[in-house]
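# An overview of the molecular structure
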Amino acid sequence: MPTIKKILFPTSCSESSKKAFEYTLAIARRFGAQIGVLHICEPNMDILVPGILRHQLMQEQKQAAQRMLQNWLNEFDVKGVTIQQEVELGYAKEMIAIYANKQEALDLIVIGTKDSSSSFKKIIWGTIISKTIEGVNNVPVLVVPKGIVFQEIKNIAYITPIEAAWRAVYSQVEQIAADFKAALYVAHLAQAKYEDLENEHHVVLEDYGSALHAFAYNNNLHLLVTVASVRNTFQKILKYSKAQKMAFETLIPLLVLKRKSS
């Protein structure tokens, strides 16, 4: 993520996504980036509707979604930021990743978490976030918790298990910290041996929940960074990855890097 020139922001055009978009605008201004705002319009019609009429209704539904997206964007001060709008028909949990993978030179996806007032909606949007993290190719995903306001990023923590692979992307994380002129901590999750962690900015955490939240609070962290593991189809069916679980639980922005395919 050292150079950010093109950002994708998927949105449901909800009230709870407004702070996440304001956060995205701040990032865009910080790096001089353009933002593609994507709304996925999910089909809303009976399966028995005839083909010709179905096409007409879908186009009308898409046009209504385009007007809704424009009205939503009209509520923001986007001066100085290039905004591109796109409405796609389909289902968000698949379409966001599909759309992102078709974009050229995409540097970052920013996605906000849902309001927790509705457990059902939170689960649905959580699934969309997890599918996006899993499905995009080599594009970092920044998950912004509900209500977060952008602050200058001065303290970053790279969250990783203690295993040989953690060093593979460490230089990339160092570059992110350098771009923000931020202090960098490495917070390892207890796993195997860790007696070789001699650096004072390396700490060992017991879990992704209370221990991580306490560490973030005590060190005034503004950004967490982790890496999405490469998993096979069977693993994807059985359980969420550690990165996906962190995305559900994080209280501060979480940047999920993608390990490049070999």
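About the cut-offs
- Residue positions within a chain follow its written sequence, with the count starting from 1.
- At least 70 in pLDDT is required for a residue's local features to be given in this predicted model, at least 80 for side-chain atom pairs to be given and counted, and no such filter applies to totals for whole chains, interfaces and linings, which use all residues.
- Values reported for side chains reflect all heavy atoms of the structure, with hydrogen atoms and water molecules removed beforehand.
- Pairing between strands requires that DSSP locate at least two bridges from one strand to the other.
- Helix and strand assignments follow DSSP, with helices taken as H or I runs no shorter than four residues and strands as E runs no shorter than two, numbered in order from the N terminus.
- As a rule, the C-alpha atoms of each element are fitted with a line to give its axis, helices using only the stretch in contact, and angles between N-to-C directions run from 0 to 180 degrees.
- Any pair of residues with heavy atoms lying within 4.5 Å of one another is described as a contacting pair.
- pLDDT expresses how confident the predictor is about each individual residue, on a scale running from 0 to 100.
- Each Phe, Tyr or Trp ring (for Trp, its six-membered ring) is paired with any other whose centre lies within 6.5 Å, and the angle between the two planes then decides the class: stacked below 30 degrees, edge-to-face above 60, tilted in between.
- Partly exposed describes any residue whose relative accessible area lies between the buried limit of under 20% and the exposed limit of over 50%, with all areas from a 1.4 Å probe on protein chains only and scaled to the type maximum.

Reading across the sheet, the 10 strands line up as S3-S2-S1-S4-S5-S10-S9-S6-S7-S8 and stay open at both edges, with mixed pairing between neighbours. Strands at the two margins of the open sheet, each flanked by one partner only, are strand S3 (83-89) and strand S8 (202-205). Each strand of the sheet is rotated relative to its neighbour by a mean of 25 degrees, with strand direction disregarded. With four bridges connecting them, strand S7 (residues 183-189) and S8 associate as parallel partners. For Leu189, the partnering residue across the bridge sits in S8 and is Leu205. Contacting strand S1 (6-10), strand S2 (34-41), S3, strand S4 (108-112) and strand S5 (141-144), helix H1 (residues 18-31) crosses the sheet at an angle of about 175 degrees to S1. Running at roughly 145 degrees to S8, helix H6 (residues 210-218) makes contact with strand S6 (155-161), S7, S8 and strand S9 (223-228) of the sheet.

On to the confidence of the model for the protein chain. Taken over all residues, the pLDDT of the protein chain has a mean of 81, while the share at 70 or more is 76%. Within the protein chain, helix H7 (residues 233-238) has the poorest average pLDDT of any element, 38, and S1 the best, 97. Confidence drops under pLDDT 50 across residues 231-240; counting only partners more than four residues distant or on other chains, this segment forms 12 contacts.

On to the packing of aromatic side chains, then. Applying the stated criterion across every chain, the model contains nine aromatic pairs. Seen in terms of ring centroids, Phe21 and Phe76 are 4.8 Å apart; in terms of plane orientation they differ by 75 degrees. Their pairing is edge-to-face. Separated by 55 residues along the polypeptide, Phe21 in helix H1 and Phe76 in the loop between helix H2 (51-73) and S3 bring together distant segments of the chain. On the basis of relative accessibility, which here comes to 0%, the residue Phe21 falls in the buried class. Plain terms: the ring middles of Tyr158 and Tyr170 are 6.4 Å apart, the flat faces sit at 25 degrees to each other, and that makes the pair stacked. Taken as a pair, Tyr158 in strand S6 and Tyr170 in helix H5 (residues 170-180) lie far apart in primary sequence, 12 residues in all. Per residue, the accessibility class of Tyr158 equals that of Tyr170, and both read buried. Ring pairing ties together the aromatic residues Phe9, Phe21, Trp72 and Phe76, which thus form one cluster.

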